[in-house]
Amino acid sequence: MHKKNKVGVLPHTIFKNLIKDLTPGENSGMVINQNNFISFGSKHYFLATDVGSSFESPLNFNSSQLWELNSDTLVSRKVGTKVNMSFGSALKGDNYLFFPCQENAGDWETCVYDTTQEPSVNNPKLLAGNFNPSGNGQFSRLAYRNGKLFGAATKGDSAGVGIYEYDMSLPTSATNPILRLDVRSGSSAGNVTATTLNGNKLYIFDNNGSGSVLYELNLDTYISRNITPTNGSTLSNYAGYIGPDGKLYFSAFVNSTVGTELHVFDPALGVSTTNPKLVGDFNLATSSVLGMVSVGSKMYFR
């Protein structure tokens, strides 16, 4: 018999007793992504079901919904109900929680929940309405700065994928969201697979039709530049990290002998054969640089 899942652990605090039985009885109140709690002070948000799981009671399946748990009072409540929700690319910004959702049984969009407001029919809500009438309009590779959300999205089959900006202080309109970077126009435009935020700079790993490219977008001026290495390295297996020196460190494929190694880009300098540059060949076999963490002035990675 399937063992029932319960909510009993909060970040940094271990409880010996059951906090909430989401579904009384034998049905499971499954916590989706049990390690993925997103916290705003004493309020913690997670996805869970409050009815039987799909393999126990298919006709009564409620999919994943947004729940709030107050760690001061241990009171929990369901605050968001859509056809489906995900924390796969969720992001917190100021008092907002952004996450993928399905308004109906069709395509995915981006939802936003204002944690300072009570839940209602408009909280959570679709961030930009039905942004892409012809398919998925979900924003991905999210970044948030100064009340604005940036993400990769497509507005229609003829638009391709670009970086859009949504101003949270303005209502949804023909110019909100607004396209800020499109490295390849047309229906086959772009394939943004990663972004890295560094102050007022957003680094975007994309495809311009000829191969993978790395762009820098200034979020104040909206001026962009191609910072793809010109030293012969090929961008692949990109993973970007901001070092304690404010520089962008990322992995890039050098050649079949050296493999994928660590590179660095100094945003204060122009693009040249030495910027970005190879930091070093850390493994003579083909390898990838992953999991970078900064502690003071030192950086650790594998």
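All of these numbers come straight from a predicted model, not from anything done at the bench.

(A) Spatial organisation of the overall build of the protein. Helix and strand content of the protein: zero helices and 26 strands. Relative to its full complement of 302 residues, the protein shows a buried share of 45%. Of the contacts formed within the protein by residues at least 6 apart in sequence, a portion of 39% connects residues at least 24 apart. For the protein, the computed accessible surface area is about 14,600 Å², with 50% contributed by carbon and sulfur atoms.

(B) Seen up close, the confidence of the model for the protein. Across the protein, the average pLDDT comes to 77, with 72% of residues at 70 or higher. Within the model, pLDDT remains below 50 along residues 1–6, and this stretch shows 20 contacts once partners closer than five positions in the same chain are excluded. Contacts of residues 52–61 to residues separated by more than four positions or lying in other chains number 20 contacts, the stretch itself having pLDDT below 50.

(C) Main features of the state of the cysteines. Under the counting rule described, the total for this entry stands at one disulfide. One disulfide bridge connects Cys-101 with Cys-111, the sulfur atoms lying 2.1 Å from each other. Across the disulfide from Cys-101 to Cys-111, rotation about the S-S bond amounts to roughly 75 degrees, and the bridge is consequently right-handed. Residue Cys-101 is found in strand 10 (residues 96–102), and its partner Cys-111 is found in strand 11 (residues 108–114); the two are separated by ten residues along the sequence.

(D) How the structure looks around unusual backbone geometry. Look at the link from Asn-123 to Pro-124: it is a cis peptide, with omega at 5 degrees. Looking at the secondary structure, you find Pro-124 in the loop between strand 11 and strand 12 (125–126). The omega angle of the peptide bond from Asn-176 to Pro-177 is 15 degrees, so this bond is cis rather than trans. Considering the arrangement of structural elements, one finds Pro-177 in the loop between strand 15 (162–167) and strand 16 (178–181). Its identity is not glycine, yet Asp-94 carries a phi of approximately 55 degrees, on the positive side.

(E) Up close: the pairing of strand 17 (residues 194–198). Side chains Ala-194, Thr-196 and Asn-198 project from strand 17 onto a buried face, and the interleaved Thr-195 and Leu-197 project onto a face without burial. Hairpin connection, strand 17 to strand 18 (residues 201–207): the antiparallel pair is bridged by two residues, and Gly-199 has positive phi, about 65 degrees.

What counts and what doesn't
Residues numbered from 1 in each chain as written. Predicted model: local features only at pLDDT ≥ 70, side-chain atom pairs only at ≥ 80, totals over all residues. Heavy atoms only, no water. Helix = DSSP H or I, 4+ residues; strand = E, 2+ residues; numbered from the N terminus. Buried < 20%, exposed > 50% of the residue type's maximum accessible area, 1.4 Å probe, protein only. Contact = heavy atoms within 4.5 Å. Areas by Shrake-Rupley, 256 points an atom, 1.4 Å probe, with all protein chains shown as cover. pLDDT = per-residue confidence, 0-100. Disulfide = S-S within 2.5 Å. Pairing = 2+ DSSP bridges.

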